[in-house]
Amino acid sequence: MKHIMTVFLMLVLVSTAGAAGKAVSYGVDGKNYEGYFISPSPKAPLILLVHDWDGLTDYEIKRANMLADLGYSVFAADLFGAGIRPAEDKDKRRYTDELYQDRGKMRSLLQGALETAKSEGANIHAAVAMGYCFGGAAVLEFARSGADMKGFVMFHGGLTTPKDQDYSKTKGKLLVLHGTADTSVSMDDFAKLAMALEEKGISHEMITYSGAPHAFTVFGSNRYREDADKKSWKRFTAFLEETLAR
């Protein structure tokens, strides 16, 4: 299962592919946040990585380091606040619900993370946003906001569109990687998103993996499905090569 901040603080000292990751303290609208940044080179394309509902933990750090090994800079955003890494489901739900109910704040936090990545020297002009579970829903919110990204990727993310929103402002391509056996985000939601994207002419690719439940990429959990994880990661990395040509 995912661990919390003690492991995170240990992992920021780990070097990967010649790059050392670090914790980054930053502020958005007067509140303190703590992200994670790793970059193999100043010109490397950027991945803005958004955590799931237990906050930025060692899982996201591991994924960031995997991407750095492939030559990408990664800024792992913090949408909850410095030191806030909820362990109980009721607390995870409280923090995510706050942002679901305040989409403007969610967008500000994502934009603030991107601006912080820029201040760290990241190449935000060749950038893709990606997220897991709650983070996938946040990435879709960023896409609908008109964020100037080359692409948006979600792994087993929330796929519903708020009633007052659509994809008319979306820039960049979308890649949706979903588990067919996901009981938290239905295949009806999957189909409705496909129709919404098609209606607005948004370039998209959407894949489902048989037998994969919600959170199928989370190492060590009882939901982890190695086959779906490996296949989705392979498609994701190919998408990055196609979208962020170097």
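Note that the coordinates shown come from a computational prediction; the quantities given were computed from them, not determined experimentally.

**Student:** Outline helix α6 (residues 187–199), supporting the account with residue identities and numerical values.
**Tutor:** The terminal C-alpha atoms of α6, which comprises 13 residues, lie 18 Å apart, in line with the 18 Å expected from a rise of 1.5 Å per residue. For α6, the set of buried residues is Asp189, Phe190, Leu193, Ala196 and Leu197. What you see down the axis of α6 is that its buried residues fit within an arc of 125°, all on one side. Exposed and facing more than 90 degrees away from the buried side of α6 are Asp188, Lys192, Met195, Glu198 and Glu199. Elements in contact with the buried residues of α6: α5 (134–144), β9 (173–179) and β10 (204–209). Its side-chain oxygen placed 3.3 Å from the backbone nitrogen of aspartate 188, serine 186 serves as the N-cap of α6. Where α6 ends, the next residue or the one after it, glycine 201, has phi of about 70°, a positive value.

**Student:** Go over unusual backbone geometry, please, and point to the residues and values.
**Tutor:** Excluding glycine, most residues fall at negative phi; most peptide bonds, likewise, are trans. One non-glycine residue with positive phi stands out, namely aspartate 29, at about 50°. Within the secondary structure, aspartate 29 is located in the loop between β3 (22–28) and β4 (31–38). Since its relative accessible area comes to 70%, aspartate 29 is described here as exposed. Within the chain, cysteine 133 stands out as a residue other than glycine whose phi angle is a positive 55°. Tracing the chain through its elements places cysteine 133 in the loop between β7 (123–132) and α5.

**Student:** Describe the pairing of strand β6 (residues 73–76), listing the residues and the values that go with them.
**Tutor:** Burial along β6 is two-sided: the face carrying Ser73 and Phe75 and the face carrying Val74 and Ala76 are both buried. In the sheet, β4 pairs with β6 via 3 bridges, with the strands oriented antiparallel. Residue isoleucine 38 lies in a different strand from β6, and its bridge partner there is valine 74. Sheet topology note: the strand β5 (residues 45–50)/β6 ladder contains 4 bridges and is parallel. Within the sheet, the bridge partner assigned to leucine 48 lies in β6 and is phenylalanine 75. This β-α-β element, β5 to helix α2 (residues 58–69) to β6, shows right-handed connectivity.

**Student:** Any details on the environment of leucine 48? Residues and values, ideally.
**Tutor:** Note that leucine 48 resides in strand β5. Under the relative-accessibility criterion, leucine 48 is labelled buried at 0%. When residues no more than four places from it in sequence are discounted, the contact partners of leucine 48 are Phe75, Ala77, Leu110, Ala113, Leu114, Val128, Ala129, Met130, Phe142 and Met149.

Conventions used here
Residues numbered from 1 in each chain as written. Predicted model: local features only at pLDDT ≥ 70, side-chain atom pairs only at ≥ 80, totals over all residues. Heavy atoms only, no water. Helix = DSSP H or I, 4+ residues; strand = E, 2+ residues; numbered from the N terminus. Expected span 1.5 Å × (residues − 1). Buried < 20%, exposed > 50% of the residue type's maximum accessible area, 1.4 Å probe, protein only. Arc of directions from axis to C-beta. Contact = heavy atoms within 4.5 Å. Polar contact = N/O pair within 3.5 Å; in protein donor to acceptor, adjacent residues only side chain to side chain. Pairing = 2+ DSSP bridges. Right-handed = clockwise from strand over helix to strand, strands pointing away.

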